[in-house]
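Architecture at a glance
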Amino acid sequence: MDFTAIHPSSFSAVMEFIAKANILMLPMLLQVLYISRVITSPLVRFADAAKRLRLDGNEDEQFSAEGAKELRTLATALNNMRHRIRKMVDDRTRMLTAMSHDLRTPLTRLRMRVERSKDPTSRKRCWRISTTLP
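Only a predicted model underlies this, so the values are computations on that prediction, with no experimental measurement involved.

A few words now on the nonpolar core. Core analysis: the largest hydrophobic core is formed by five residues, namely Phe 46, Ala 49, Phe 63, Leu 71 and Ala 75. Elements with a contribution of two residues or more to this core: helix 1 (8–52) and helix 2 (69–116).

Now for the pattern of salt bridges. Throughout the structure, instances matching the rule amount to four salt bridges. Among the ionic pairs, Arg 86 bridges to Asp 90, the shortest N-O distance being 2.8 Å. Highlighted residues: Arg 86 and Asp 90, both in helix 2, separated by four residues, approximately one helical turn. With a relative accessible area of 26%, Asp 90 lands in the partly exposed category. The shortest N-O distance in the salt bridge between Lys 87 and Asp 91 comes to 3.2 Å. Pair noted here: Lys 87 and Asp 91 are both in helix 2, with a separation of four residues, about one helical turn. A residue is classified by how much of its surface remains accessible, and Lys 87, at 47% relative accessible area, is partly exposed. For Asp 91, a relative accessible area of 32% gives the class partly exposed. Within this structure, Lys 87, Asp 91 and Arg 94 form a network of salt bridges that share partners.

Another aspect to go through is empty space enclosed by the protein. Applying the stated rule across the entire model yields one cavity of 30 Å³ or more. Roughly 50 Å³ of internal volume is contained in the largest cavity. Ala 49, Leu 53, Glu 61, Gln 62, Phe 63 and Arg 82 are the residues that line the largest cavity. Along the lines of polarity and charge, the residues of the lining of the largest cavity split into three nonpolar, one polar and two charged.

Cut-offs and rules
- Residues numbered from 1 in each chain as written.
- Predicted model: local features only at pLDDT ≥ 70, side-chain atom pairs only at ≥ 80, totals over all residues.
- Heavy atoms only, no water.
- Core = buried A, V, L, I, M, F, W, Y, C linked by side-chain atoms within 4.5 Å.
- Buried < 20%, exposed > 50% of the residue type's maximum accessible area, 1.4 Å probe, protein only.
- Helix = DSSP H or I, 4+ residues; strand = E, 2+ residues; numbered from the N terminus.
- Salt bridge = Lys/Arg side-chain N within 4 Å of Asp/Glu carboxyl O.
- 1 Å grid on protein atoms, 1.4 Å probe; cavity = no way out; pocket = protein on both sides within 12 Å on 5 of 7 lines; lining within 4 Å.
- Points joined across faces, edges and corners; volume = space filled by probe spheres on them.
- Nonpolar A, V, L, I, M, F, W, Y, C, P; charged D, E, K, R; others polar.

Pasting the structure below:
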């Protein structure tokens, strides 16, 4: 068999098949591209919103609860998680402020007692100790 010579009628049949296949495949390819964009665009929006997420108290920018049921559920869960994290950060800040205050009060008393002390050697020693503490 000699494959180097292609019969003109078979060549036109192959070209016709390729043309028909392209005519059928092109709309399907466009539909696949459109559907993949529709499916992935909400996820891209979530990723962008997550990158912009700050815990500085700006509650204006929340995840938008729109789209499919799963996406609405995800948006609600992320907004709730953001609120809980913000509350934990605020609680931690309040706790550290209170602890700092509670620790500074005895140190202030110690420094005042050292300043009122009449004995110079104990005063120097206590002053050195009180100044090394934060």
